[in-house]
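Close look at the chain arrangement
What follows is the residue order along each chain.
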Amino acid sequence: MPDSPHQSDLQPLSLEQALRLPRIAIESTEPVLDGGRFAAKAAIGHTVNVRSRIFTDGHEQLAAAICWRQKGEVSWRRARLRLVGNDYWEGQFTPTQVAAHEFFVEAWWDTYETYRLELSKKHAAGVPVALELEEGRQLLQHTAERIQGEPRAILEDVLSQLAGCHLLEERVSVMLANEVAVVMAIADQHLHRGASPVYPLDVERTRAQFASWYELFPRSQTDNTAHHGTFRDVLRRLPMIRDMGFDVLYFPPIHPIGHTHRKGRNNSLQAGPDDPGSPYAIGSEEGGHDAIHPQLGSFDDFRELVVAAAGHGLEIALDFAIQCSPDHPWLKEHPGWFSWRPDGSIKYAENPPKKYQDIVNVDFYARDAIPDLWLALRDVVWLWVEQGVKIFRVDNPHTKPLPFWEWLIADIRGRDSDVMFLAEAFTRPAVMARLGKLGFNQSYTYFTWRNNKSELATYLNELNEPPLRDCYRPNFFVNTPDINPFFLQTSGRAGFLIRAALATMGSGLWGMYSGFELCEAAPVPGKEEYLDSEKYELRPRNYYAPGNIVAEIAQLNRIRRQNPALQTHLGFHAYHAFNDNILYFGKRTPDLANFILVAVSLDPYNAQEAHFELPLWEFGLPDDAQTQGEDLMNGHRWTWYGKTQWMRIEPWHLPFGIWRLTLPSSDPDMQVK
């Protein structure tokens, strides 16, 4: 049998090395990404659940703790772990600062707990324990002699009690008392202490985990296609966006737009004299990524909008799209940042079968691009941070170098830890996960193309399991300017409500592109694209048009704000509803204090019925127990009797139900159902 590639590197273990090895094994610690190469994600004020498999040789009892601190602090905070079975230990801590953190797990032989267990077993079996009682007394005595303060006083009192006990049962009772065990745990010398490696943890602000995004083109905030919208026009829309419950207002690129190969309406190659072009063709004689399209307004107007939005509880997010128009100033100032073809031309961008004749890409590893291009792009982001922008949606980050993102995000967040990045990455799962590990706080997802019950349940489960649980925060956008999903093209108003319910209830992060609330769906035939796409023309809208779902969206966002279980994608559990057209699931907080049940009909055309099960077992209740339900869309409340229930969902009314499940109370308003 051939030698393994690394066999020659292995050296026999010396006796000295063996004597230094720990007797306690600490394995499979979570949340840990790639052995600690990357930081797992957490959010300020939210519990971090830590889990490790911990064991030792022999029968000694163990104790374990999690130790954590903000990176750079000198001292560690500690919280005890508890044994949950099969050598797994779990515990929690709650970070209170947005900052890089680190943690490790430690374990040791619990001397007194080992003694208590042995004493209780022997005493219960009728084995003489006089010698064990003396050993215990000596252990207490030695401990009292080396400690000070209240713990010493307590042990001295216990020793006095033992001296006055004449009955064996009394002495056993004293030695097994929980009060004694607590003091001995405090005074424990941590024999054979072992520790895991130190692991990184990135604690981010709340909006990294819980936010509702609304996307609009500022240039379309006008009543007339003859008049280009401005930042000041956006001001008038802020109250309505706020009232729908959104807290992030996202703009596609707001920079000058190039003229060369400018796209016309519906992505035509020939632009008319009044066609505004695609905002993703960034750069003209008026500036590049560090400039504002003059028809939108000035930097003063933009800063005024940022402040005004904040007054409505809205945070402005900007698109960071690295592509350039052929007219971008960088092509003249820094031609070495681009790749030129043998005939002296430059290749436009492509994503087959899509072609972007109005866009060229930089070459991150061109000889003249390192490090100047990287620094220039970093400076672009920081320029907008200085204007008050703390959230960036990054266009196609998976087509740019992974090392670039790891460096840039760390650099920016090292200066301002509140800055966040959303990855617009529709690509392979491993790449999407890697972007999360590199520092992207959120990501677009496959949710857009998950439609049937099995697809949705499987995907939501995947997001709740490691490693995605620890590195990837899904933002469930229901549509984008680039994606007009096939499902929405034919499903009508009910279809839009279905996707809104799935997004708002399935993840703590969701987003929609303007027009969704009006159920806009006219497609380019056979494609997931919008007819008369706003990417190539101004698109004024009547946001009060009949058939809109503004009120329903506002209520869905209100429900999210009022229920902590819905403020993350975690806590998802699929439950039984005996109909393949109904997705039925629960979202709950770890302590079960907030427990939400969601049933969504995936059929926008027909009524659907099903028997379903209330998850009484989650509360430790029998199958015939009483529970209380509240319909969070209309406030109706009732009492459920037993585990098996029945539902009917009619899409012409509301294609979903959202219920808060609670244990019985004496509330006189409850009705029987």
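Quick caveat, the model's predicted, so the values are computed rather than measured.

Concerning the overall build of the protein
- Looking only at helices and strands, the protein features 16 helices and 28 strands.
- Dimensions along the principal axes, computed over C-alpha positions, put the protein at roughly 105 × 70 × 60 Å.
- Buried residues in the protein amount to 53% of all 673 residues.
- Accessible surface, the protein as shown: approximately 30500 Å² in total, 51% of it carbon and sulfur.
- Charge separation in the protein, taken as the distance between the mean sites of 66 positive and 86 negative side-chain charges, equals 2 Å.

Quick notes on the sheet that holds strand β18 (residues 442-443)
- With parallel pairing, 8 strands are arranged side by side in an open sheet as β18-β17-β16-β13-β12-β11-β20-β19. The open sheet has two free edges, formed respectively by β18 and β19 (475-477), since each of these has just one partner strand.
- Pairing of β19 with strand β20 (residues 509-513) involves 3 bridges; the strand directions are parallel. Of the residues in β20, the one forming a bridge with Phe 476 is Trp 510.

Quick notes on the UniProt feature "domain: Glycosyl hydrolase family 13 catalytic" (unreviewed entry) in the protein
- UniProt's feature table lists "domain: Glycosyl hydrolase family 13 catalytic" (unreviewed entry) at residues 211-560, given in the numbering used throughout.
- The span residues 211-560 shows a helical share of 33% and a strand share of 13%, and its end C-alpha atoms are spaced 10 Å apart.

Digging into the confidence of the model for the protein
- Summing up the model confidence of the protein, the mean pLDDT is 94 and the portion of residues at 70 or higher is 97%.
- Contacts from residues 1-8, a stretch scored under 50 in pLDDT, to residues over four places away or in other chains number 0 contacts.
- Below a pLDDT of 50 lies the segment residues 666-673, which in the model reaches 15 contacts outside its immediate sequence neighbourhood of four places, other chains included.

Brief notes about the packing of aromatic side chains
- On inspection of all chains with the given rule, the structure shows 41 aromatic pairs.
- Measuring from ring centre to ring centre gives 6.0 Å for Tyr 575 and Tyr 584, while their planes differ by 55°; the resulting arrangement is tilted. In this pair, the class of Tyr 575 matches that of Tyr 584, namely buried.
- One aromatic cluster in this structure is built from Phe 320, Phe 364, Tyr 365, Trp 374, Phe 392, Phe 404, Trp 405, Trp 407, Phe 421 and Phe 440.
- Stacked on the ring of Tyr 543, the Lys or Arg Arg 237 has its end atom at 3.6 Å from the ring centre.
- The ring of Trp 382 carries Arg 415 above its face, with NZ or CZ at 5.1 Å from the centroid.

Some thoughts on the UniProt feature "site: Transition state stabilizer" (unreviewed entry) in the protein
- Within this structure's numbering, the places UniProt gives as "site: Transition state stabilizer" (unreviewed entry) are Asp 482.
- As for its placement among the helices and strands, Asp 482 is situated in the loop between β19 and α15 (486-506).
- The residues contacting Asp 482, other than those within four sequence positions of it, are Lys 354, Arg 393, Glu 424, Glu 528, Glu 529 and Lys 535.

A short note on the sheet that holds strand β22 (residues 582-588)
- A sheet is described by the order of its strands in space; here 6 strands give the open sequence β21-β22-β23-β28-β25-β26, paired in antiparallel fashion. Each edge of the sheet is formed by a strand with only one pairing partner; in this case those strands are β21 (572-574) and β26 (637-641). Averaged over all neighbouring strand pairs, the angle between strand axes comes to 30°, with direction disregarded.
- Sheet strands touched by α15: β22, β23 (595-601) and β28 (656-662). Its angle to β23, the strand with the most contacts, is close to 155°.

A short note on helix α5 (residues 168-176)
- Residues Val 172, Val 174 and Met 175 constitute the buried set of α5. Seen from one end, α5 has its buried residues packed into an arc of 160°, which puts them on one side.
- On its buried face, α5 sits against α2 (111-124), α3 (130-146), α4 (149-163) and α6 (178-186).

Regarding the domain arrangement of the protein
- As assigned here, the protein comprises domain 1 (24-110 + 192-204), domain 2 (111-187), domain 3 (210-324 + 367-566) and domain 4 (572-662).
- Distance between the C-alpha centres of domain 1 and domain 4: 36 Å.

A short note on the packing of helix α10 (residues 372-386) against helix α11 (residues 402-415)
- At a minimum axis separation of 11 Å, α10 and α11 run at an interaxial angle of 40°. With respect to each other, α10 and α11 are oriented oblique. Considering how the two elements wind past one another, α10 and α11 form a crossing that is right-handed. Across the interface between the two elements, Trp 374, Leu 375, Leu 377, Arg 378, Val 381 and Trp 382 of α10 pack against Pro 403, Phe 404, Trp 407, Leu 408, Asp 411, Ile 412 and Arg 415 of α11.

Overview of α6
- Of the residues making up α6, those classed as buried are Val 180, Ala 181, Val 183 and Met 184. All buried residues of α6 lie within an arc of 165° about the axis, which places them on one face of the element. Exposed side of α6, more than 90 degrees from the buried face: Asn 178, Glu 179, Val 182 and Ile 186 are the residues found there.
- Contact partners of the buried residues in α6: α2, α3, α4 and α5.

Concerning empty space enclosed by the protein
- Scanning the model with the defined rule gives 4 cavities of 30 Å³ or more in all.
- Here the largest cavity is characterised by a volume of approximately 100 Å³.
- If you trace the largest cavity, you find it lined by Phe 217, Pro 218, Arg 219, His 228, Pro 252, Pro 253, Ile 254, His 255, Ile 257, Pro 279, His 293 and Leu 296.
- Residues that form the lining of the largest cavity fall into these classes: 8 nonpolar, 3 polar and 1 charged.
- Counted as a void, the second largest cavity has a volume near 60 Å³.
- Taken together, His 255, His 289, Leu 318, Asp 319, Phe 320, Ala 321, Val 380, Trp 384 and Phe 392 form the lining of the second largest cavity.

What about the nonpolar core?
- One finds Ile 54, Phe 302, Phe 392, Trp 405, Phe 421 and Ile 658 to be the most contacted residues of the largest nonpolar core, which totals 130 residues.
- Per-element accounting of this core gives the leading share, 10 residues, to α15.

Some details on the environment of Cys 519
- Along the chain, the position of Cys 519 falls in the loop between β20 and α16 (550-562).
- Counting along the chain gives 27 residues from Cys 519 to Gly 492, while the straight-line C-alpha distance between them is 7.0 Å.
- Beyond its immediate stretch of four places on either side in the chain, Cys 519 contacts Arg 493, Phe 496, Gly 547 and Ile 549.

Quick look at the packing of α3 against α4
- With their axes 9 Å apart at the nearest point, α3 and α4 run at an angle of 150° to one another. As judged from the angle between their axes, α3 and α4 are roughly antiparallel. Considering only the axes of α3 and α4, their crossing is left-handed. Between α3 and α4, the residues in contact are Arg 137, Leu 140, Gln 141, Thr 143, Ala 144 and Glu 145 and Arg 152, Leu 155, Val 158, Leu 159 and Leu 162, respectively.
- Here the contact of α3 with α4 is built from residues that sort into 6 nonpolar, 2 polar and 3 charged.

How each quantity is defined
Residues numbered from 1 in each chain as written. Predicted model: local features only at pLDDT ≥ 70, side-chain atom pairs only at ≥ 80, totals over all residues. Heavy atoms only, no water. Helix = DSSP H or I, 4+ residues; strand = E, 2+ residues; numbered from the N terminus. Buried < 20%, exposed > 50% of the residue type's maximum accessible area, 1.4 Å probe, protein only. Areas by Shrake-Rupley, 256 points an atom, 1.4 Å probe, with all protein chains shown as cover. Lys, Arg positive; Asp, Glu negative; His and termini not counted. Charge placed at Lys NZ, Arg CZ, Asp CG, Glu CD. Pairing = 2+ DSSP bridges. UniProt positions renumbered as here; feature names shortened; annotations may be inferred. pLDDT = per-residue confidence, 0-100. Contact = heavy atoms within 4.5 Å. Phe/Tyr/Trp six-rings, centres within 6.5 Å; stacked < 30°, edge-to-face > 60°. Lys NZ or Arg CZ within 6 Å of the ring centre and 35° of its normal. Axes fitted to C-alpha atoms, helices over the stretch in contact; angles between N-to-C directions. Arc of directions from axis to C-beta. Domains from an automatic or database assignment. Parallel < 35°, antiparallel > 145°, perpendicular 65-115°, else oblique. Left-handed = near helix turned anticlockwise from the far one by under 90°. 1 Å grid on protein atoms, 1.4 Å probe; cavity = no way out; pocket = protein on both sides within 12 Å on 5 of 7 lines; lining within 4 Å. Points joined across faces, edges and corners; volume = space filled by probe spheres on them. Nonpolar A, V, L, I, M, F, W, Y, C, P; charged D, E, K, R; others polar. Core = buried A, V, L, I, M, F, W, Y, C linked by side-chain atoms within 4.5 Å.

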